[in-house]
Amino acid sequence: MATFGPEYFQALPIFGVGVGVNPSDLHADYLADSPGRIDYFEITAPSARHLGGPTGYAEIRHRRNARSKGFVAMKIPEVAGEKRVLVHSTNINPVYPDPPTSGDLAELAELVEVTRTPWITEDLGVWLMSERHVYPHFMPFPLTDATLVVTAGNVREVQERLGVAFNAEFPPTTLVAGDMHAFDFFAELTRETGCGMCFDVGHVLSYQIARGAAPTSDFHRLPWPSITEIHVAGGGIDLREDGYHYDDTHGDQPIISVCLDMLDEVVRNAPNLRAITLEVFGAKIPARALARIAEIRARPAVAAWLAGTRPAPPPRPSREQARLRTKKATVGMYDLLHGGSPVRLPAAGEEVLEVFAVAEQRRWEYERLSRIQLHGRFATSYYPLATRWLMRRTGLERGAFYDLLVPPLLQDRSRELWEKAREAYEDLVAQDPGDAVGPELVRVESWMNLCAAGTAASDTFDVGVDLTYLSDAFRGGSLDPRRALLPAPVTVRHLGECRFAFVAGPACAAGGVAGGAGGGAAGGAAGGAEADLADLNYHTLVEPGTAACCTGQ
């Protein structure tokens, strides 16, 4: 029999960043081969016992319509024949006294063999009751010693039968029941059974909110060596009369900023972390999920983890420097608190200011980042294609690009922002003399902006880059700069209301050009076609957790 525990997970490879889907959520864009984009699929294996009957006709019609939009119906063994697959189950139900059925375990054993998954993940919650119909609104469980005994016994049985580890996922929590701290419950469960813990950041946030605690409060009680996987998903804060709640909505919703902060915290502290899963249950716009996968990968903590390194801690002062600074800070604090004059922190010196102002400095830095992001989203909405190009060319992630672009634009209020943005982009693309694509993108998007303002000198424009190819590449495909250049310029026509089409040229066959800052409406023109770039530019919308006002956060 296999021995489980931190050593079991430590011996496993890092699987990387993947997507969590139901079988009905699979899309051709996810399955397309693209190295370094989706490392694995975590697919839910639902039990037919949950549903209470056969599939209704409306659901079958929905699935048929979804297939026409690129969604595909594949069973787990089919996907496992082509891709790396982890299994997320709803069959085990270990917190409930009734043990898993032999039939459910037999099904899971087959999936373990087919997929070679090193663990089976399941939210700890009451999925099934012999006395009541529960699914799909599974119940929270009481955090008690008795529940711990039941859960540990069932988990041991599951692991013995399957021969792989059980991964206990932290469940969504709107009501806290029982006398145990949830982190202590998971710590005891992993210690007693050797199972792993899946840290779902939105679920943990819901628990912290439910008990009135800060998002990372009591993290020292977590079983860090047993945390093997992170789940992250779209969601939002729902304000109600009785308080506020975290809604774990998945789908196409953005990931709120505090969940990304919590993700970074787990990545930095879980030594045996092996997988980060973006759950996209019910998502309708695959391009958004793929863009979020790229954003998660680009986070410094995640990038270091994927590279097999840990960020180096900041250097500490020498012993002599430390003695001097500590003495100044301590004596200065004493004199402030025992002096005969009102407290004035600046007069006490830098060392004392650092001691008092840590939290305030962080608060100001968060405010700075929020404002830079808001201005950055607005400024880059004029040049979405050139922005993506420059970020790829420079290797800068979005926040660093905003830091470079935005501050100069906020000076000189006498000039329009978009005019200053045009000059800034012209300067940025000119910094690489060998870049032939960037200047062309700035030229055509500047013309599109003039069309939007109704001041363009002509309703046609000759462009030397393949805008269709670039927009597809920016949505998640590979990008070859040589492929982006056209052998001869093609003409783009403004059809009105920021709808654009190729008049003639090789790019016509690829599907046309899209609508810059204004987006594109449906329609076409003789000799040309259109394609909406809304997916490319979706991130210019204000997302929960990133705005300075009017978001309720």
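Look a little higher up for the structure.
Read on for a plain summary of the structure. As the structure is a computational prediction, the values presented were derived from the model and not from experiment. Residue numbering note: each chain is counted from 1, following its sequence as written. This being a predicted model, a pLDDT of at least 70 is required before a residue's local features are given, and a value of 80 or more before pairs of side-chain atoms are given or counted; all residues contribute to the totals for chains, interfaces and linings. By convention in this description, side-chain values take in all heavy atoms of the structure and omit both hydrogens and water.

## Notes on helix α18 (residues 417-430)
Spacing of three or four residues puts side chains on the same side of an α-helix, whose turn is 3.6 residues.
1) Next: If you check α18, its first and last C-alpha atoms are 20 Å apart, about what 14 residues at 1.5 Å a residue would give, namely 20 Å.
2) Next: Remark: exposure states derive from per-residue accessible area (1.4 Å probe, protein chains only) relative to the maximum for the residue type, with buried under 20%, exposed over 50%, and partly exposed in between. Helix numbers and strand numbers start at the N terminus; a helix is a DSSP run of H or I with at least 4 residues, a strand a run of E with at least 2. Of all the residues in α18, the buried ones are W418, K420, A421, A424, Y425, L428 and V429. Taken end-on, α18 shows its buried residues confined to a sector of 160 degrees, consistent with a single buried face. Seen from the open side of α18, the exposed residues pointing more than 90 degrees away from its buried face are D427 and A430.
3) Next: Here, two residues are considered to be in contact whenever any of their heavy atoms come within 4.5 Å of each other. Residues of α18 that are buried in the fold lie against α15 (358-380), α16 (384-394), α17 (398-409) and α19 (437-453). Multiplying 1.5 Å by the residue count of a helix minus one yields the expected span of that helix. It is the directions from the helix axis to the C-beta atoms that the arc portrays.

## Points about the side chain of T115
1) Next: Position of T115 relative to the elements: it lies in helix α5 (residues 102-115).
2) Next: Owing to a relative accessible area of 2%, T115 belongs among the buried residues under this scheme.
3) Next: Among the polar contacts listed, one links the side chain of T115 to the backbone oxygen of L111, at a separation of 2.6 Å. Each polar contact in these results corresponds to two N or O atoms within 3.5 Å; when the atoms are within protein, one needs to be able to donate a hydrogen and the other to accept it, and residues that are neighboring in sequence are counted only if both atoms are side-chain atoms.

## Here we look at the sheet that holds strand β10 (residues 275-279)
1) Next: Strand pairing is assigned whenever DSSP identifies at least 2 bridges connecting the two strands. Read around the closed barrel, 8 strands run β1-β2-β3-β4-β5-β6-β7-β10, paired in parallel fashion. The sheet shows a mean angle of 30 degrees between the axes of neighbouring strands, direction not considered.
2) Next: Two elements, strand β6 (residues 196-200) and strand β7 (residues 227-233), share 4 bridges in a ladder whose sense is parallel. Within β7, the position partnered with D200 by the bridge is H231. Fitting a line to C-alpha atoms yields each axis, with helices limited to the stretch in contact; the angle taken between N-to-C directions then spans 0 to 180 degrees.

## Some thoughts on the packing of α15 against α17
1) Next: Close contact between α15 and α17 brings their axes to 9 Å; oriented N to C, the two are set at 80 degrees. For the element pair α15 / α17, the angle class is roughly perpendicular. Each of R368, I372, Q373, H375, G376, R377, A379 and T380 in α15 lies in contact with α17, whose residues at this interface are R398, F401, Y402, D403, L405, V406, P407 and L409.
2) Next: Ten residue types, Ala, Val, Leu, Ile, Met, Phe, Trp, Tyr, Cys and Pro, are classed as nonpolar, four, Asp, Glu, Lys and Arg, as charged, and the remainder, Gly among them, as polar. Across the contact of α15 with α17, the residue classes tally to 8 nonpolar, 4 polar and 4 charged. Here roughly perpendicular refers to angles of 65 to 115 degrees, roughly parallel to angles under 35, roughly antiparallel to angles over 145, and oblique to all remaining angles.

## A look at unusual backbone geometry
Across the chain, the bulk of peptide bonds are trans and the bulk of non-glycine residues have phi less than zero.
1) Next: One non-glycine residue, R116, lies in positive phi territory at about 60 degrees.
2) Next: The phi angle at C498 is positive, at roughly 55 degrees, despite the residue not being glycine.
3) Next: Tracing the chain through its elements places C498 in the loop between β12 (485-496) and β13 (499-504).
4) Next: What makes C498 buried here is its relative accessible area of 11%.

## Some points on the environment of F461
1) Next: Along the polypeptide, F461 turns up in strand β11 (residues 460-465).
2) Next: Of the residues examined, F461 reaches a relative accessible area of 15% and is grouped as buried.
3) Next: Along the primary structure F461 and F502 are separated by 41 residues, whereas in three dimensions their C-alpha atoms are 9.5 Å apart.
4) Next: Apart from residues no more than four positions distant in its own chain, F461 is found in contact with R443, V444, W447, V490, T491 and V492.

## A word on the packing of aromatic side chains
1) Next: Pairing of aromatic side chains requires ring centres within 6.5 Å, counting the rings of Phe and Tyr and the six-membered ring of Trp. Pairs whose planes differ by under 30 degrees are stacked, by over 60 edge-to-face, and all others tilted. The full count for this structure, using the stated rule, is 19 aromatic pairs.
2) Next: Their ring planes at 70 degrees and their centres at 6.0 Å tell us that F183 and F219 sit as a pair that is edge-to-face. Of this pair, F183 sits in helix α7 (residues 182-193) while F219 sits in the loop between α8 (201-210) and β7; the two residues are 36 residues apart in sequence, bridging distant segments of the chain.
3) Next: For the pair Y382 and W418, a centre-to-centre distance of 6.4 Å together with 40 degrees between the ring planes defines the contact as tilted. With Y382 in the loop between α15 and α16 and W418 in helix α18, the pair connects residues that are 36 residues apart, well separated along the chain.
4) Next: The class for W418 is buried, based on a relative accessible area of 18%.
5) Next: Grouped by ring-pair contacts, the aromatic residues F141, F170, F183, F185, F186, F199, Y207, F219 and W224 constitute a single cluster.

## A closer look at empty space enclosed by the protein
1) Next: Using a 1 Å grid laid over the protein atoms alone, points where a 1.4 Å probe fits but cannot get out form a cavity; open sets with protein on both sides within 12 Å along at least 5 of 7 lines form a pocket; any residue with an atom within 4 Å of a point counts as lining. Grid points are joined across faces, edges and corners, and a volume is the space filled by probe spheres set on the points. Applying the stated criterion across every chain, the model contains 4 cavities of 30 Å³ or more.
2) Next: Counted as a void, the largest cavity has a volume near 100 Å³.
3) Next: Residue lining of the largest cavity: 13 residues in total, with P140, F141, L143, P171 and T173 positioned closest to the centre.
4) Next: Across the lining of the largest cavity, the residue classes break down as 12 nonpolar, 1 polar and no charged.

## Some details on α5
1) Next: End to end, α5 covers 20 Å across 14 residues, agreeing with the expected 20 Å (1.5 Å per residue, within 8%).
2) Next: Of all the positions in α5, only D104, L105, L108, L111, V112 and T115 are classed as buried. Looking straight down α5, one finds that the buried residues subtend no more than 120 degrees of arc, so they occupy a single side. In α5, the exposed residues that point more than 90 degrees away from the buried face are S102, E110 and E113.
3) Next: Contacts from the buried residues of α5 go to β2 (41-45), α4 (76-80), β3 (85-89), β4 (119-123) and α6 (145-162).
4) Next: Taken from the residues just after α5, R116 is the one with a positive phi, measuring 60 degrees.

## Looking at the side chain of K83
1) Next: Note on placement: K83 falls in the loop between α4 and β3.
2) Next: The class of K83 is buried, set by a relative accessible area of 18%.
3) Next: There is a polar contact of 2.9 Å between the side chain of K83 and the backbone oxygen of L31.
4) Next: If sequence neighbours within four positions are ignored, K83 has contacts with L31, A32, D33 and F41.

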